[in-house]
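Structural features, examined
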Amino acid sequence: MNEQSTDLREAVRRRYAAAAVQVTEGAAACCGPEPVEVDADFGSSLYAADERDALPVEAVAASLGCGNPTAVAELRAGERVLDLGSGGGIDVLLSARRVGPTGKAYGLDMTDEMLELAVANAAKAGATNVEFLKGTIEAIPLPADTVDVVISNCVINLSTDKAAVFAETFRVLRPGGRIGVSDIVSDDTLSVEQRAERGDYVGCIAGALSFAEYRAGLEAAGFTGVEITPTHPVADGMHSALIRAVKPAGTGNGTGRLP
């Protein structure tokens, strides 16, 4: 990883660590945590009220995503789900409810403060079928061919090595597994410089791929059936989008075992 990439990753880590601390300190106050300040295109307002009401307020307050990937991942009972960049755990906890006691939801995050908040939120929710892992989305600490579904909420755009993220996602999915991701995507007509003019990297704008780049990256990793559906604009020529894709059957090469 070059110096610029290292600096960007550290900037992302600091931003999300600060968000976790803000929520944790708010939870210790008399009136409870206030949501981390984001505009209407990001955050907990993108979830249905009944989903928010069923979770600890700290999980909802820490939501910084650009969509609701659990609403489109079509999760089924007994499945194993991995959330890339799980933050305060909102999507992990929603996934755990959907897959039920015979399934499991993993959350992966590189930020200690967010992991501590997520573990506390899982305990408050009484979720026993969840596990939070420390690591980066470019080097997922799970065996190959062991996860049914990978979700992510406005995190892949923050990676400085998206090819590695797509390759690692493909690796850990079982044959026939799928992704259901919310992310920021740019119009194909916007250059990298034009994207940077619309927002900074840690704000999920400057590092976004175009529609064509996102599709090409997933297909290069081996995914098929790629669908990229914009849901709402977040800046001029920049969109929150739902991304779906499938790992073809017969492409596994791992043990397929998890505890």
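Heads up: these notes are all about the structure in this document. Small disclaimer: the values here were computed from a predicted structure and weren't measured. (Residues numbered from 1 in each chain as written. Predicted model: local features only at pLDDT ≥ 70, side-chain atom pairs only at ≥ 80, totals over all residues. Heavy atoms only, no water.)

**Examining the environment of T146**
Worth spelling out the cut-off: Secondary structure counts use DSSP, requiring at least four H or I residues in a row for a helix and at least two E residues in a row for a strand, with both numbered from the N terminus. Two N or O atoms form a polar contact when they lie within 3.5 Å of each other; inside protein one atom must be a possible hydrogen donor and the other a possible acceptor, and for residues adjacent in sequence the pair counts only when both atoms belong to side chains.
Checked against the element boundaries, T146 lands in the loop between strand 3 (130-134) and strand 4 (147-153). Placed 25 residues apart in sequence, T146 and R171 show a C-alpha to C-alpha distance of 8.8 Å. Engagement of the side chain of T146 in a polar contact is seen with the backbone oxygen of P143, the distance being 2.8 Å.

**Focus: the environment of A118**
Test applied: Note on exposure labels: buried denotes an accessible area under 20% of the residue type's maximum, exposed denotes more than 50%, and partly exposed covers the range between, all computed with a 1.4 Å probe on protein chains only. Contact criterion: two residues are considered in contact whenever any of their non-hydrogen atoms come within 4.5 Å of each other.
Mapping A118 onto the fold places it in helix 5 (residues 112-125). Given a relative accessible area of 0%, A118 falls into the buried group. Each C-alpha atom, one on A118 and one on G89, is 4.8 Å from the other, the two residues being 29 residues apart in sequence. If we skip the residues at most four places from it in the chain, A118 touches G87, G88, G89 and F132.

**A short note on the nonpolar core**
The nonpolar side chains of soluble globular proteins are, as a tendency, buried together. How we decide: What is meant by a nonpolar core is a set of buried Ala, Val, Leu, Ile, Met, Phe, Trp, Tyr and Cys residues, joined one to another through side-chain atoms within 4.5 Å.
Grouped together as the largest cluster of nonpolar side chains are 31 residues, with contacts concentrated most on L82, I179, Y214, L218, F223 and I243. Elements with a minimum of two residues in this core: strand 1 (80-84), strand 2 (104-109), strand 4, helix 6 (162-172), strand 5 (173-186), helix 8 (211-221), strand 7 (224-235) and strand 8 (238-246). Setting aside residues up to four positions removed in sequence, Y214 forms contacts with I156, F166, V181, D183, V185, L209, I228 and I243.

**Regarding the pairing of strand 8**
What counts, and what does not: Note on pairing: DSSP must find at least two bridges between two strands before they are called paired.
When you tally the buried positions in strand 8, you get seven out of nine residues, the bulk of the element. Direction of pairing for strand 5 relative to strand 8: antiparallel, over a ladder of nine bridges. Looking at strand 8, one finds that I179 is bridged to A245. The pairing of strand 7 with strand 8 spans eight bridges and is classified as antiparallel. Looking at the pairing, I228 lines up with I243 of strand 8. Taking the residues that link successive antiparallel strands as the turn, the strand 7-strand 8 hairpin has two residues, and the phi of G237 there is positive, at about 80 degrees.

**Quick look at the packing of helix 6 against helix 8**
Applied cut-off: Convention adopted: a line fitted to C-alpha atoms gives each axis, helices being fitted over their contacting stretch, and angles between N-to-C directions are expressed from 0 to 180 degrees. Here the word oblique covers every angle except those under 35 degrees (roughly parallel), over 145 (roughly antiparallel) and from 65 to 115 (roughly perpendicular). Should the near helix be turned counterclockwise from the far one by less than a right angle, the crossing is left-handed, whereas a clockwise turn marks it as right-handed.
Here helix 6 crosses helix 8 at 45 degrees, and the two axes come no closer than 9 Å. One element, helix 6, and the other, helix 8, form an angle in the oblique class. The handedness of the crossing between helix 6 and helix 8 comes out as right-handed. When helix 6 is examined against helix 8, the residues F166, A167 and F170 are found in contact with a partner set consisting of Y214, G217, L218 and A221.

**Side note on helix 4 (residues 90-99)**
Count 3.6 residues to each turn of an α-helix, and residues three or four apart come out pointing the same way. Among the 10 residues that make up helix 4, eight are buried, leaving the element largely enclosed by the rest of the structure. Within helix 4, burial applies to I90, D91, V92, L93, L94, S95, A96 and V99. Positive phi shows up at G100, right after helix 4, with a value of about 75 degrees.

**Focus on the pattern of salt bridges**
Here is the rule we go by: We count a salt bridge whenever a side-chain nitrogen from Lys or Arg sits within 4 Å of a carboxyl oxygen from Asp or Glu.
A complete count under the given rule lists 10 salt bridges for this structure. A salt bridge links R76 to E79; the shortest N-O distance between them is 3.3 Å. Residue classification places R76 among the partly exposed residues on the basis of a relative accessible area of 45%. Given the relative accessible area of 6%, E79 is considered buried. The closest approach of N and O atoms between K104 and E131, which form a salt bridge, is 2.8 Å. One end of the pair, K104, is in strand 2; the other, E131, is in strand 3, with 27 residues separating them in the sequence. Residue classification places E131 among the partly exposed residues on the basis of a relative accessible area of 29%.

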